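# Working through the structure, step by step
Listed below are the residues making up each chain.
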Amino acid sequence: MSSPQQPLRRQAELAASRERKPPVVQRFFRRATFLAVLLLSAVTGSLTGLTVAYQSGLTSDAKQVSELANFQPSGVTQVLADDGKTVIGEFALERRIPLSYDEIPVRMRHAILAIEDARFEKHWGVDPIGITRALVKNLAAGRTVEGGSTLTQQLTKMLFLSPEQTLTRKAKEALLALQIERQFSKQQIFELYANQINLGGGAYGVEAGAQYYFGKSCKELSIEECATLAAIPKAPTSYSPKLNPEKALQRRNLVITNMIEEGFITKAEGEAAKKTKIKLNIAIRDGNNSGPYAYFVEEVRRYLEEKYDTKQTHTGSLKVFTTLDAKAQIQGVNATRLGLHQYDRRHSKWRGNLPNILNDGYKDIAKFKHPDWELSFFNGMYLRGLITEVGSQKAKVSFGKYHATVGSKEIAIAGGSPESVFKVGDVAIFRITKIVEETKPETASDKDKKAKEGDGKDKKKKESKAKPEPVGDPFELGVELEQQPLVAGAFLTLDAHTGEIKVLVGGYDFAYSKFNNAVQGNRQTGSTFKPFIYTAALENGWKPEDTVLDAPFTAGNWSPHNYDNSFMGAIPLRTALAQSRNIPAVRLLASVGIKKGAEMVKRFGITNPMAPFLPSALGATEVPLIELVSGYSVFPNQGQRAKPHFIRRIEDRNGRTLYDYDREEGSKTFPVVSPYVAANMVSLMRGVVESGTAARIKSITEADLNKREIAGKTGTVNDFTDAWFIGYTPSVVSGCWIGYQGDKRSLGDKETGGTAALPMWIKFMGYYMKGRPIEKFPEGPGADEKMKQMQAERTKEAQKALEAGAVDMLPDTGSESAKQAIGKGDGKTPPKPGDDIGAPSEDGDVKKKPKKPDDIPD
């Protein structure tokens, strides 16, 4: 029998069971009540949020948010070459290239939303569901794995708040986010966010990030590249694909996973994207401090900061359209380096002391890049290479994607083995001697053989044979070691008719010296000054065929000499200038008068006044290269000087023109001399190239220089401290200088303009004139009646002086020197024409060694 207590125990268990497990209906109502309360709380919270947001609209925060309508983020000012496309420099505090919402690719938008705010389109600035989801995930993980802030809240933090983690700051962040959502559309908010995010490496916004990490526009990015960028903003350093590639890869794949889950991409697309490695093409951002455009870009920066201000220059997203020919600039830099290296090899031994990047904080030499490596390489190019391996017989050199192997032969200038010259991490200068071609060129016999091949039999086999065969390593270079020259140089080219500066080289390398020798360097000019004196003479009645006396001359205690210490007697002006005779130049200045000579120099745009002494005829005045080149542009431009300039137009971030040279200053041409005088000066200066100190040009077949009409003048300063050549065609003027920067140190015996400077000019013009039509200088008009009268009077006075043996004293020279300027040399017997003439060598300098250099030789 069962115990009487068993039914009671069973009843108690059933009752307890009923208490633990309510009936189905009861459970339903309990759940519905909970959901209703939750829904009511959410609605109440939302209404409260809206009320708070509305009330906050009356506060200063609302005003702050409303100003976003006119918000202009800090952007990049771009400096463009004369093609309007090539970027040669940038100024920025934060490198940002703003895009409109429609310009941001859909994939990029999806990548950002997938990792930052998938419910962006559904919330009102603060997302309770997102906050709850993040809280659950963080509690489950035991750490913070997901944030609850919306994209709008993140934008608020970037624009208005500090990064501190406090309840007060979070509350204000939420209120501002609600206010932003109230005043702006989702597209506007996303656009602001995508242009504001910090992507590391100085890049802000998706477009700047795409260009920095991948070297292309945002619209060209693949799924995995978009995901890589979207992964960075959470922690730009930790998730930088450059600094922490493993962490960046993990987070990139998380972004891709989220994109799959949100339906932005298919699973197949996502899995394929995850399998790819992160491939970077990091942009070099040192172009303003190094590279071929640096000196020019620095001049642009100085101009902009003076015209506007520093803030506008570096944050205003300006577009500066310049006059620079980017390709020609690279050749101008290389031509200057050629001249400096040639000089250095003539006078210097290996100095060693190469810079080493390991001493500058680099731990991984594979991450080093030099701006030169982004250029197109060519034979004869000078550039810096990184030593990556060193052995007893060979060393390996990196030039980015190119490389070279060098032995004792290639580094002969150093006079040692690779291991005695280099250390790993050294950065040295090399000249490219050979670029290996990727394919064998097809010869004429190959073409004939191909043409004679059969009627189609074995066609595929024949076609495969006809394909060029690879030869060697296409990225292997032949190079030769050079060293940083101690001597400095400068080069400048401008359009003779417009004044546009096409090439400006201020020194060997802006990273090596910031001083711009082309613009800032005031140096004595030597005989390049003489054309200004000859111009004054022509304007005052002299003719090219008139003779001037090359004979001993004394003014007070000063007695100038010619370079070769010889005298040619009475010679035509044409010969005197072509052979760069010093004494005739002094006599011409004495003839026209120092005052008129100084006024003429000023008209040519030379800002430093000519010293009121006869030695000024020989180039004692200090002049920067840019003024000399601009002054010479008067001759091919029929007596007019166009203002030298390097900016055509400036636009603001909206494309509105702030400055236009043609509109505001295009008419700024300065009449200097008459077309008659200019044409006769061209004729005189062509003699310098045809048979004078720059005659080497006529032997150069490159770009048909030997067939072109070219005029110019060499110049050498006393004790060979400076060497110059300024030369021009009918349309372009180029000038170059070589000397020791900031030091009146001799370049060495016979380092004249024809020897030290002219090779730079020839090298550059051989490139620049290639493919250009052969031009002729315009024929000048004949002398007008006033000029003819002046010439007749001068000829008559000169004849009287010769017959009388004396002339009237000029107002600003001594009587004796005045007599000698036009008359009989020593006052007794004029030398015979041709006496003691030194024979010019190939470069125009005399072969006969002078007893001592002239005061200002050429």
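Looking now at the overall build of the protein. When its secondary structure is counted, the protein shows 28 helices and 23 strands. Counting every position in the protein, which comprises 858 residues, the buried fraction comes to 49%. In the protein, 73% of the contacts between residues at least 6 apart in sequence involve partners at least 24 apart. Summed over all atoms, the accessible surface of the protein reaches about 41,500 Å², with 52% contributed by carbon and sulfur.

Next up on the list: the sheet that holds strand E22 (residues 722-728). Here 5 strands make up an open sheet; going across it, the order is E12-E11-E23-E22-E21 and the pairing antiparallel. Only two strands of the sheet have a single partner each, and these edge strands are strand E12 (501-505) and strand E21 (711-716). Direction aside, the axes of adjacent strands within the sheet are offset by 5 degrees on average. Summarising the sheet, strand E11 (residues 488-495) and strand E23 (residues 732-739) pair through 8 bridges and their orientation is antiparallel. Paired with Gly489 across the bridge in E23 is Ile738.

Two elements, strand E6 (residues 382-390) and strand E9 (residues 427-435), share 5 bridges in a ladder whose sense is antiparallel. Bridging across to E9, Leu386 finds its partner in Val427. Strand direction decides the pairing type here: E9 and strand E10 (residues 477-482), joined by 6 bridges, are antiparallel. Counterpart to Ile435 in the pairing with E10 is Leu477.

Strands sit in the order E2-E1-E5-E18-E19 across an open sheet of 5 strands; the sheet is mixed. Edge positions in the open sheet fall to strand E2 (87-91) and strand E19 (657-660), since each of these has one partner strand only. For this sheet, the mean inter-axis angle between neighbouring strands, taken without regard to orientation, is 15 degrees. With 4 bridges joining them, strand E5 (residues 319-322) and strand E18 (residues 647-651) adopt antiparallel strand pairing. Looking at the pairing, Val320 lines up with Ile650 of E18.

When the charged atoms of two side chains lie near each other, side chains of opposite charge can form a pair. Taken as a whole, this structure holds 36 salt bridges when the rule is applied. Measuring nitrogen to oxygen at the nearest pair gives 2.9 Å for the salt bridge that ties Glu181 to Lys186. Residue Glu181 shares its accessibility class with Lys186, and that shared class is buried. Of the charged contacts in the structure, one is a salt bridge between Glu298 and Arg301, with a shortest N-O distance of 2.5 Å. Taken together, the residues span about one helical turn, with Glu298 and Arg301 both in helix H13 (residues 294-307) at a distance of 3 residues.

Here helix H19 (residues 530-539) crosses helix H21 (residues 582-592) at 45 degrees, and the two axes come no closer than 9 Å. Compared by their axis directions, H19 and H21 come out oblique. Where H19 crosses over H21, the handedness of that crossing is left-handed. Across the interface between the two elements, Lys530, Ile533, Tyr534, Ala536 and Ala537 of H19 pack against Asn582, Pro584, Ala585, Leu588, Leu589 and Val592 of H21. The residue inventory of the contact of H19 with H21, partitioned by class, reads 9 nonpolar, 1 polar and 1 charged.

Another aspect to go through is the packing of aromatic side chains. Aromatic ring pairs are reported here in terms of the distance separating the ring centres and the angle at which the planes meet. Applying the stated criterion across every chain, the model contains 25 aromatic pairs. Seen from their ring centres, Phe604 and Phe635 are 5.5 Å apart, and the 50 degrees between their planes marks the pair as tilted. Of this pair, Phe604 sits in the loop between helix H22 (594-603) and strand E16 (622-623) while Phe635 is found in the loop between helix H23 (625-632) and strand E17 (640-642), placing the two residues 31 residues apart along the sequence. Classification of Phe604 as buried rests on a relative accessible area of 0%. Phe635 sits in the buried class, given a relative accessible area of 2%.

Glancing now at the side chain of Ser633. Structurally, Ser633 can be placed in the loop between H23 and E17. Judged by relative accessible area, which is 1%, Ser633 ranks as buried. In terms of polar contacts, Ser633 uses its side chain to reach the backbone carbonyl oxygen of Ser630, at 2.5 Å. If we ignore the near neighbours within four places in the chain, the residues touching Ser633 are Leu494, Ala496, Gln640, Arg641 and Val733.

Right, let's get into the confidence of the model for the protein. Looking at the protein as a whole, the pLDDT averages 84, with 78% of positions reaching at least 70. Taken together, the stretch residues 459-468 has pLDDT below 50 and engages in 6 contacts with residues farther than four places along the chain or on a different chain. Every residue in residues 806-857 scores below 50 in pLDDT, and together they form 135 contacts with partners more than four places removed in sequence or on other chains.

Before going further, it helps to examine helix H25 (residues 675-691). With 17 residues, H25 should cover 24 Å at 1.5 Å per step; its first-to-last C-alpha distance of 24 Å lies within 8% of that length. The set of residues buried in H25 consists of Tyr676, Val677, Ala678, Asn680, Met681, Val682, Leu684, Met685, Gly687, Val688 and Val689.

To continue, consider the environment of Lys401. Relative to the elements of secondary structure, Lys401 occurs in the loop between strand E7 (395-399) and strand E8 (402-406). Through-space distance from the C-alpha of Lys401 to that of Phe475 is 6.7 Å; in sequence the pair is 74 residues apart.

Of all 6 residues that make up E21, 6 are buried, and the element is covered over most of its length. Taking every second residue as pointing to the same face, both faces of E21 are buried, with Ala711, Lys713 and Gly715 on one and Gly712, Thr714 and Thr716 on the other. In the sheet, E21 pairs with E22 via 6 bridges, with the strands oriented antiparallel. Considered in E22, the bridge of Thr716 is made with Ala723.

Let's shift gears to the packing of helix H15 (residues 326-347) against helix H26 (residues 753-768). Relative orientation of the contacting elements H15 and H26 amounts to 150 degrees, with a least axis distance of 9 Å. Judged by the inter-axis angle, H15 sits roughly antiparallel to H26. H15 and H26 meet at a crossing whose hand is right-handed. Between H15 and H26, the residues in contact are Lys327, Ala328, Gln331, Gly332, Ala335, Thr336, Leu338, Gly339, Gln342 and Arg346 and Thr755, Ala756, Pro759, Met760, Lys763, Phe764, Tyr767 and Tyr768, respectively. Across the contact of H15 with H26, the residue classes break down as 9 nonpolar, 6 polar and 3 charged.

Moving on, we come to H15. When the terminal C-alpha atoms of H15 are compared, their 32 Å separation across 22 residues agrees well with the 32 Å that a helix rising 1.5 Å per residue should span. In terms of residue burial, H15 counts as a mostly covered element, since 17 of its 22 residues are buried. The N-cap residue of H15 is Asp325: its side-chain oxygen and the backbone nitrogen of Lys327 are 3.3 Å apart.

Even without being glycine, Gln638 reaches a positive phi, approximately 55 degrees. Structurally, Gln638 can be placed in the loop between H23 and E17.

Cut-offs applied
Residues numbered from 1 in each chain as written. Predicted model: local features only at pLDDT ≥ 70, side-chain atom pairs only at ≥ 80, totals over all residues. Heavy atoms only, no water. Helix = DSSP H or I, 4+ residues; strand = E, 2+ residues; numbered from the N terminus. Buried < 20%, exposed > 50% of the residue type's maximum accessible area, 1.4 Å probe, protein only. Contact = heavy atoms within 4.5 Å. Areas by Shrake-Rupley, 256 points an atom, 1.4 Å probe, with all protein chains shown as cover. Pairing = 2+ DSSP bridges. Axes fitted to C-alpha atoms, helices over the stretch in contact; angles between N-to-C directions. Salt bridge = Lys/Arg side-chain N within 4 Å of Asp/Glu carboxyl O. Parallel < 35°, antiparallel > 145°, perpendicular 65-115°, else oblique. Left-handed = near helix turned anticlockwise from the far one by under 90°. Nonpolar A, V, L, I, M, F, W, Y, C, P; charged D, E, K, R; others polar. Phe/Tyr/Trp six-rings, centres within 6.5 Å; stacked < 30°, edge-to-face > 60°. Polar contact = N/O pair within 3.5 Å; in protein donor to acceptor, adjacent residues only side chain to side chain. pLDDT = per-residue confidence, 0-100. Expected span 1.5 Å × (residues − 1).

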